[in-house]
Amino acid sequence: PAFVRASSRHTAKRSRLPLVAAGVVALGAAGAYAVRSSATSASAPTVAPVATGADLIAVMPLGAVSDTSLARLGQDLVVTLSTNLDGVGSLHTVDAATLLLRARKLPSPLPLADARAAARELGARSVLTGTLINEGSRVRATVALHAVGSDSAIAKATAIVAPHDIAALTDSLTWSVLQQIWRGGTPPSPVLAGLTTRSVDALRAFLDGEREFQRLSIDAALTDFRHAFELDSNFVQALLRYDEVNGWRIAPPDTQVRRRLMALKDRLPERERLFLEMSQRRLAFLPRLDAWKALVTRYPDYPPVLMAA
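Throughout what follows, the structure given in this document is the object of discussion. (Residues numbered from 1 in each chain as written. Predicted model: local features only at pLDDT ≥ 70, side-chain atom pairs only at ≥ 80, totals over all residues. Heavy atoms only, no water.)

1. Some details on the pairing of strand E5 (residues 138-147)
In plain terms, the rule: A 1.4 Å probe rolled over the protein chains alone gives each residue an accessible area, and that area as a share of the maximum for its type sets the label: buried under 20%, exposed over 50%, partly exposed in between. Working definition: helices are DSSP H or I runs of at least four residues, strands are E runs of at least two. Numbering for both runs from the N terminus. One requirement defines pairing of two strands: DSSP has to find at least two bridges between them.
Counted residue by residue, E5 has seven buried out of 10 residues, so it is predominantly covered. Joining the antiparallel neighbours strand E4 (residues 126-135) and E5 is a turn of two residues, in which Gly136 adopts a positive phi near 70°. Both E5 and strand E6 (residues 153-161) contribute to a ladder of eight bridges, which runs antiparallel. Following the sheet pairing, Val139 is matched in E6 by Val161. Between E5 and E6, which pair antiparallel and follow one another directly, the connecting turn spans five residues.

2. Re the nonpolar core
Here is the rule: Throughout this description, the term nonpolar core refers to a set of buried Ala, Val, Leu, Ile, Met, Phe, Trp, Tyr and Cys residues connected via side-chain atoms within 4.5 Å. Any two residues having at least one pair of non-hydrogen atoms within 4.5 Å are treated as being in contact.
The biggest cluster of nonpolar side chains holds 83 residues, and the ones touching the most others in it are Met60 and Ile181. Considering each element in turn, this core owes the most residues, seven residues, to helix H10 (residues 236-248). Non-local contacts of Met60, meaning those with residues more than four positions away in its chain, are made with Val78, Leu99, Leu106, Leu110, Ala115, Ala118, Ala119, Val127, Leu128 and Thr129.

3. Considering helix H9 (residues 218-231)
Quick reminder of the rule: Helix span, as expected, comes to 1.5 Å for every residue beyond the first.
For H9, which comprises 14 residues, the first-to-last C-alpha distance of 20 Å matches the rise-based estimate of 20 Å (1.5 Å per residue) to within 8%. Contacts from the buried residues of H9 go to helix H8 (200-214), H10 and helix H11 (255-264).

Just geometry here; none of it tells us what the structure is for.
If you want it as structure tokens, here you go:
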């Protein structure tokens, strides 16, 4: 109630934002993931199964070996790999932004035992870890997928590409992992560009925005997200994040951004699309609360849904 009363006072409202944001982040990190069920909803279509433990993955930052300049790429891959894998068949990934917030407290390079413990705290059933090594003008990425309760690897993958080609690196690692964990025919071949953007510059701007949001630098994050969708007007994830983060300021929505976002919403992964559609529904308070709680049951690992509920 105090926060509501302060909403009419601009200075007080902005001064409370870090505390509100920190509270939401803490809620997500403290245990919301633990209630995640590996079963899909009753209405969901039958999907090809994956290897035991591979249905909910926590993608950890890849460690830079002997070259700290690769640390940024290791963090960017958390976002791109999580995006590429989430929603493929019965696969889901822990929300990348919240995982990166959690990973800031972890050592680097990250021991497997620590990675497994962090993934378990986030409710994941498996954890993807790896390293990045410079090889001349290219970079070698090596990853392994482990069940949280075992040292044995479910899948391993290696890719060697130019360090700036994050899309090619992401797609190569994704495809290799999927081939090893798929248990029902030929695995699909997700392409990062189809889920995000074909513009490397737009993707970098988006990842810059995610990094600023992790620091709770709201204005800087909004600037980066806007730059991303100005570089690619079809970059729907950038539009969604701009619209969502703008709401943290309790600011009126940008009508042009909202209009473009709604026109492209069917390109979003399911949980993001359902969150957006639910946020636009006009319901009385109790039916609205019930609807959000139902969505939390379905996606307890997605902080925007938790915050709305």
